[in-house]
Amino acid sequence: MIQWFPGHMVKARREIEENLKLVDVVIMLLDARAPMACRNPELEKMIRHKSLILVLNKIDLAESRRTARSKQLLKKQGYRVAAMDSVHCRGSKQLLNLVQEAYAPQAEAMLKKGRRVRPVRVMVVGVPNVGKSTFLNCLAGRKMARVGEKPGVTRGKQWLRIREDIELLDTPGLMWPKIEDEKQGLKLALLNIIGENAYQEYDVAFYLVEYLKEKHPEVLQERYRVKDVDQPTEDIMAAIAAARGLLLKGGEADLDKVSRLVLQEYRRGTMGSISLE
Ligand SMILES: Nc1nc2c(ncn2[C@@H]2O[C@H](COP(=O)(O)OP(=O)(O)O)[C@@H](O)[C@H]2O)c(=O)[nH]1
Ligand SMILES: [Mg+2]
């Protein structure tokens, strides 16, 4: 069973707690290929009194039909949900509209009290590698203007003014996943979210190949020239090794290399867009 709660996560939680005091809205990035696996109910509880927006990121690596279904499901549960490809900065406009929507009640309250509505303050959180830095770059773009420190309230914090009415904390919060079962741990390992010391590459590759057998046998057949996709997973891995010439001196399959190969090709999207949920 994959266990993962490194020491720096304790510090990360404290940091998120501190930063929560400064913002009106929280954007939580989730990997669109396995959004549920990236969530953490404990953290969501911490931000419950803030407006939360879920962003399914890396939609270019996910199956659009399944992304649409995840989105629908989360919306039904009452969440605000957007979808993004942060590398190409697709989906940002809709997301920013959601930010304003989430802030509307607070903005109205300010108006009612006769106050000027200040820009909404937003922070980004997400598990490692989900794309937080890429996402910030996308939103900040070239117009990126550092708003600077706000005396008294936000000492030492940098804000990016991404629109006249939206300010973004420039350091995203590192979120730790809550791993409930083996399968979730394997998904997170496959998505490169948990550190490689926490798992054996072979185990994760084995999980991936099993998953391909069930959901995408054509990838095994076409990309890796596996003739019989109904054979045991070990044998499929050996067949991939043979097809790619990943053999040990004695001619047996080099399982370390096969494992690394399929993990890399999955993560880069060279196998195609494959969702895990
Ligand atoms: N294909 C794709 N890759 C992404 C996307 N967002 C981030 N990435 C990639 O995911 C990796 C991790 O991104 P990074 O922003 O460093 O993640 P962070 O650890 O959350 O800050 C990098 O290789 C990014 O290029 C996306 O929307 N689509
Ligand atoms: Mg980063």
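Every residue gets a number counted from 1 within its own chain, in the order that chain's sequence is written. Whichever chain is written first is A, and whichever ligand is written first is 1; the rest continue in order. Residues qualify for local features only when their pLDDT is at least 70, as the model is predicted, and side-chain atom pairs are given and counted only at 80 or more; totals for whole chains, interfaces and linings, by contrast, use all residues. With hydrogens and water excluded, all non-hydrogen atoms of the structure serve as input to the side-chain values.

Novice: Mind showing me how you'd approach the site of ligand 1 here?
Specialist: Near ligand 1 there are 13 residues, and of these Asp60, Ser86, Asn129, Lys132 and Thr134 occur at the shortest range. A 3.5 Å cut-off defines polar contacts: any pair of N or O atoms within that distance qualifies, except that in protein one atom must be a possible hydrogen donor and the other a possible acceptor, and neighbouring residues in sequence count only when both atoms are side-chain atoms. In this structure, a nitrogen atom belonging to ligand 1 sits 2.6 Å away from a side-chain N or O atom of Asp60. Calculation of accessible area relied on Shrake-Rupley with a 1.4 Å probe; when residues are assessed, cover is drawn exclusively from the protein chains displayed. Summarising the interface, the protein chains cover 70% of the accessible area of ligand 1, which totals 580 Å² for the free molecule. Per-element tally for the shell around ligand 1: the top contributor is helix α5 (residues 132-140), with three residues. Under the convention adopted here, Pro, Cys and the residues Ala, Val, Leu, Ile, Met, Phe, Trp and Tyr are nonpolar, Asp, Glu, Lys and Arg are charged, and Gly plus all remaining residues are polar. Grouping the constituent residues of the shell around ligand 1 by class yields three nonpolar, six polar and four charged. A molecule or strand has a residue near it when one of that residue's heavy atoms lies within 4 Å. Helix and strand assignments follow DSSP, with helices taken as H or I runs no shorter than four residues and strands as E runs no shorter than two, numbered in order from the N terminus.

Novice: Can you walk me through the pattern of salt bridges in this structure?
Specialist: Pairing is possible between side chains of opposite charge, provided their charged atoms come close. The term salt bridge refers to a pairing of a side-chain nitrogen on Lys or Arg with a carboxyl oxygen on Asp or Glu at a separation within 4 Å. Here the structure, examined in full by the defined rule, presents 16 salt bridges. For the salt bridge of Lys21 with Glu18, the shortest nitrogen-to-oxygen distance reads 3.2 Å. In this structure, Glu44 and Arg39 form a salt bridge, with 3.0 Å as the shortest nitrogen-oxygen distance. Residue Glu44 is classed as buried on the basis of its relative accessible area, which comes to 11%. We classify Arg39 as buried; its relative accessible area is 14%. Exposure classes here rest on a 1.4 Å probe applied to the protein chains alone. A residue is buried below 20% of its type maximum, exposed above 50%, and partly exposed in between.

Novice: I keep staring at the packing of aromatic side chains and nothing clicks. Help me out?
Specialist: We describe a pair of aromatic rings using the distance from one ring centre to the other and the angle between the two ring planes. Whether two aromatic rings pair depends on their centres lying within 6.5 Å, for rings of Phe, Tyr and Trp, where Trp uses its six-membered ring; planes under 30 degrees apart make the pair stacked, over 60 edge-to-face, and the rest tilted. Counted according to the given criterion, the structure contains two aromatic pairs. Consider the rings of Tyr202 and Phe206, whose centres lie 5.9 Å apart with planes at 50°: the pair is tilted. In this pair, Tyr202 and Phe206 both sit in helix α7 (residues 201-215), four residues apart, roughly one turn of the helix.

Novice: What exactly am I supposed to notice about the domain arrangement of the protein chain here?
Specialist: One widely used convention gives an interface's size as the accessible area the parts lose upon coming together. According to the domain assignment, the protein chain consists of domain 1 (7-174) and domain 2 (200-268). Taken together, the contact between domain 1 and domain 2 spans four residues of the former and six residues of the latter. The term buried area means the drop in 1.4 Å probe accessible area that two parts suffer when joined, counted for both and summed. Across the domain 1/domain 2 interface, buried area totals approximately 330 Å², and carbon plus sulfur atoms make up 32% of it. The interface formed by domain 1 and domain 2 contains zero salt bridges. The tally of links from domain 1 across to domain 2 stands at two residue pairs in polar contact (both at pLDDT 80 or more). Of the residues belonging to the side of domain 1 that touches domain 2, the class tally is one nonpolar, no polar and three charged. Just so you know, the domain bounds were taken from an automatic or database domain assignment. In this analysis, two residues are considered to be in contact whenever any of their non-hydrogen atoms come within 4.5 Å of each other.

Novice: Is there a simple way to think about a negative patch on the surface in this case?
Specialist: Patches here are clusters of residues that have more than 30% relative accessible area and form no salt bridge, with a 9 Å joining cutoff for like charges and a 5 Å cutoff for nonpolar side chains (Val, Leu, Ile, Met, Phe, Trp, Tyr). Think of it this way: Lys and Arg go in the positive column, Asp and Glu in the negative one, and His and the chain ends go nowhere. Taken as the charge location is NZ of Lys, CZ of Arg, CG of Asp or CD of Glu. Residues Glu210, Asp228, Asp230, Glu234 and Asp235 make up a contiguous surface patch of negative charge. For Asp230, the location among the structural elements is in the loop between α8 (217-223) and α9 (233-244). Judged by its relative accessible area of 69%, Asp230 is exposed.

Novice: How should I be thinking about α9 in this particular structure?
Specialist: Given 3.6 residues per turn, any residue in an α-helix points the same way as the ones three and four places further on. One less than the number of residues in a helix, times 1.5 Å, gives the span that helix is expected to have. Taking 1.5 Å per residue, 12 residues should reach 16 Å; α9 reaches 17 Å between its end C-alpha atoms and fits that length. Along α9, the residues that are buried comprise Thr233, Ile236, Met237, Ile240 and Ala241. In an axial view of α9, the angular spread of the buried residues amounts to 145°, which keeps them on one side of the axis. Of the surrounding secondary structure, the elements contacted by the buried residues of α9 are α7, α8 and α10 (255-268). The directions from the helix axis to the C-beta atoms are what the arc is built from.

Novice: In this structure, what is going on with the environment of Met46? I would like to understand it.
Specialist: Residue position: Met46 is located in helix α2 (residues 41-46). For Met46 and Arg13, which are 33 residues apart along the polypeptide, the C-alpha to C-alpha distance reads 9.8 Å. When near neighbours in sequence (up to four residues on either side) are disregarded, Met46 contacts Arg13, Ile16, Glu17 and Leu20.

Novice: For this particular structure, what's the right way to read helix α1 (residues 7-20)?
Specialist: In this model, α1 (14 residues) spans 21 Å end to end at C-alpha, consistent with the 20 Å of a helix rising 1.5 Å per residue. Buried residues of α1: Met9, Ala12, Ile16, Asn19 and Leu20, and no others. Along the axis of α1, the buried residues cluster in a sector spanning 100°; they form a single face. Exposed side of α1, more than 90 degrees from the buried face: Gly7, Lys11 and Arg14 are the residues found there. The inward-facing, buried residues of α1 abut β1 (25-31), α2, β4 (120-126), β7 (166-169) and β8 (173-174).

Novice: Mind showing me how you'd approach the state of the cysteines here?
Specialist: Disulfide: a covalent bond formed between the sulfur atoms of two cysteine residues. Two cysteine sulfurs form what is called a disulfide whenever their separation falls within 2.5 Å. What the rule picks out here adds up to one disulfide. One disulfide in the model links Cys89 with Cys138; its S-S distance is 2.0 Å. In this structure the cystine formed by Cys89 and Cys138 twists about its S-S bond by roughly 75°; its chirality is therefore right-handed. With Cys89 in the loop between β3 (80-83) and α4 (92-112) and Cys138 in helix α5, this residue pair connects regions lying 49 residues apart in the sequence.

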